[in-house]
Amino acid sequence: MLLSIVIPMYKVEPYVARCLESVLEQKGDFEVIAVDDGSPDRSGEIARYYSDKDARLKVIRQPNMGLSAARNTGMRHAAGEYIWFIDSDDWVSDDSIEIIEGIIRNQGPEAIHLCGADVINDLPVKLFSLEKCQADRQSGIRMLRENNFHGVVQYTVYKRSFLKNNGLFFMEGIYHEDTEFSPRAYYFLKDIICVDKVLYLKRVNEDSITRKQNVKKNFDLIKVSESLYKF
């Protein structure tokens, strides 16, 4: 199997169907692991409805432990050669899996860095360009130094053996988990292919965790800074 798509779920009842359909409507050699992180709404029920119709989708339920723990659970259950982390209130472009699997088959890099867009009033707004770095293969260090690095984890597809060999998991119990995880991952990456095309579409949700003021977020950012400094 080429690709495992890990989708954590928590209180996403209005959105998760679109997310799952955007993936399951595509063809390819992939599995989907939806991790129901103790969601109190119908998110898990909706995912199980789709899993009953499509054997590529597996639903794992666990007590609520947070986004990082849900991603780690999905990572541990993944069987694909590569892993793509997707948030359950977002969705992916119609040709995303075909493009990603084509790169995996033909070039087999350690990671694929792709573009994302915010969707505002049903219109995608591209967040950044990877044109400067798609001509040749990159190292993570080079991308960090040349400011071509975008730390949101959904914008990078990782080879599973790379994550395993470098002991890369998400720090649990914190916000800003991508900010802590992605720089460590890119430090070890020696072979990245960039795709200057929007394959990931982010829902602009003013009620989301990332957009709300929260004192814990400030303290967790200190934890993240300390972790990266020690690293």
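Residues numbered from 1 in each chain as written. Predicted model: local features only at pLDDT ≥ 70, side-chain atom pairs only at ≥ 80, totals over all residues. Heavy atoms only, no water.

Digging into the overall build of the protein chain
Inference 1: Scanning the protein chain from N- to C-terminus turns up eight helices and nine strands.
Inference 2: Against the 2.2 N^0.38 benchmark of 17 Å for 231 residues, the protein chain shows a C-alpha radius of gyration of 17 Å, consistent with a compact globule.
Inference 3: For the C-alpha atoms alone, the extent of the protein chain along its principal axes is close to 45 × 45 × 40 Å.
Inference 4: Expressed as a percentage of the 231 residues in the protein chain, the buried residues total 50%.
Inference 5: Accessible surface computed for the protein chain: about 11,300 Å², of which carbon and sulfur atoms make up 50%.
Inference 6: Put simply, the protein chain has 31 plus and 35 minus side-chain charges, and the middle of one group is 4 Å from the middle of the other. (Helix = DSSP H or I, 4+ residues; strand = E, 2+ residues; numbered from the N terminus. Rg over C-alpha atoms; globule rule 2.2 N^0.38 Å. Buried < 20%, exposed > 50% of the residue type's maximum accessible area, 1.4 Å probe, protein only. Areas by Shrake-Rupley, 256 points an atom, 1.4 Å probe, with all protein chains shown as cover. Lys, Arg positive; Asp, Glu negative; His and termini not counted. Charge placed at Lys NZ, Arg CZ, Asp CG, Glu CD.)

Remarks on helix α4 (residues 96–107)
Inference 1: A rise of 1.5 Å per residue sets the reference length of α4, with its 12 residues, at 16 Å; its end C-alpha atoms lie 16 Å apart and thus fit the reference within 8%.
Inference 2: Within α4, the full set of buried residues consists of Ser96, Ile97, Ile100, Glu101, Ile103 and Ile104. Summarising the axial view, the buried residues of α4 lie within an arc of 155 degrees, below the 170-degree limit, and thus occupy one face. Structural note: α4 exposes Glu98, Arg105 and Asn106 on the side pointing more than 90 degrees away from its buried face.
Inference 3: Positive phi shows up at glycine 108, right after α4, with a value of about 55 degrees. (Expected span 1.5 Å × (residues − 1). Arc of directions from axis to C-beta.)

Some points on the packing of helix α1 (residues 16–24) against helix α2 (residues 43–53)
Inference 1: Taken N-terminus to C-terminus, the directions of α1 and α2 make an angle of 25 degrees; their axes are 10 Å apart at the nearest point. For the element pair α1 / α2, the angle class is roughly parallel. The interaxial crossing formed by α1 with α2 has right-handed handedness. Along its contact with α1, which presents Val16, Ala17, Leu20, Glu21 and Leu24, the element α2 presents Ser43, Ile46, Ala47 and Tyr50.
Inference 2: For the contact of α1 with α2, a count of residues per class yields seven nonpolar, one polar and one charged. (Axes fitted to C-alpha atoms, helices over the stretch in contact; angles between N-to-C directions. Parallel < 35°, antiparallel > 145°, perpendicular 65-115°, else oblique. Left-handed = near helix turned anticlockwise from the far one by under 90°. Contact = heavy atoms within 4.5 Å. Nonpolar A, V, L, I, M, F, W, Y, C, P; charged D, E, K, R; others polar.)

Some words on the side chain of serine 88
Inference 1: Its place among the elements puts serine 88 in the loop between β4 (82–85) and β5 (91–92).
Inference 2: A residue is classified by how much of its surface remains accessible, and serine 88, at 4% relative accessible area, is buried.
Inference 3: At a separation of 2.8 Å, a polar atom in the side chain of serine 88 contacts the main-chain carbonyl oxygen of proline 8.
Inference 4: Non-local contacts of serine 88, meaning those with residues more than four positions away in its chain, are made with Ile7, Pro8, Met9, Tyr10, Val12, Tyr15, Val16 and Cys19. (Polar contact = N/O pair within 3.5 Å; in protein donor to acceptor, adjacent residues only side chain to side chain.)

Re a nonpolar patch on the surface
Inference 1: On the surface, Val215, Phe219 and Ile222 cluster together into a nonpolar patch covering about 320 Å² of accessible area.
Inference 2: Along the chain, valine 215 turns up in helix α8 (residues 215–230).
Inference 3: Residue valine 215 is classed as exposed on the basis of its relative accessible area of 56%. (Patch = residues over 30% accessible without salt bridge, like charges linked within 9 Å, V, L, I, M, F, W, Y side chains within 5 Å. Salt bridge = Lys/Arg side-chain N within 4 Å of Asp/Glu carboxyl O.)

With respect to the pattern of salt bridges
Inference 1: Throughout the structure, instances matching the rule amount to 19 salt bridges.
Inference 2: A salt bridge links aspartate 196 to lysine 126, with the shortest nitrogen-to-oxygen separation between them at 2.9 Å. Taken together, the residues aspartate 196 in strand β9 (residues 192–203) and lysine 126 in strand β7 (residues 123–126) connect sequence positions 70 residues apart.
Inference 3: Taking the relative accessible area as the measure of exposure, lysine 126 reaches 40% and is therefore partly exposed.
Inference 4: What you see here is one network of salt bridges that share partners, running through Arg71, Asp87, Glu177 and Asp178.

A word on the packing of helix α7 (residues 177–188) against α8
Between two packed helices, the angle of one axis relative to the other and the distance separating the axes together describe the packing.
Inference 1: Viewed as axis vectors pointing N to C, α7 and α8 meet at an angle of 15 degrees, and their least axial separation amounts to 9 Å. With respect to each other, α7 and α8 are oriented roughly parallel. When you trace α7 past α8, the crossing you get is right-handed. Seen from α7, the contacting residues are Thr179, Glu180, Pro183 and Arg184; seen from α8, they are Val224, Ser227 and Leu228.
Inference 2: A per-class count over the contact of α7 with α8 returns three nonpolar, two polar and two charged.

A closer look at α2
Because each turn of an α-helix spans 3.6 residues, side chains separated by three or four positions in sequence point in the same direction.
Inference 1: For α2, the set of buried residues is Ser43, Gly44, Ile46, Ala47, Tyr50 and Ser51. Buried positions in α2, seen along its axis, are confined to an arc of 160 degrees and lie on one side of it. Among the exposed residues of α2, those pointing more than 90 degrees away from its buried face are Asp52 and Lys53.
Inference 2: The elements touched by buried residues of α2 are β1 (3–9), α1, β2 (30–37) and β3 (57–62).

Examining the nonpolar core
Inference 1: Ile5, Trp84 and Tyr158 are the most contacted members of the largest nonpolar core, which totals 62 residues.
Inference 2: At six residues, β9 tops the list of elements feeding residues into this core.
Inference 3: When sequence neighbours within four positions are dropped, the list of residues in contact with isoleucine 5 reads Val23, Phe30, Glu31, Val32, Ile33, Trp84, Ile86 and Ile97. (Core = buried A, V, L, I, M, F, W, Y, C linked by side-chain atoms within 4.5 Å.)

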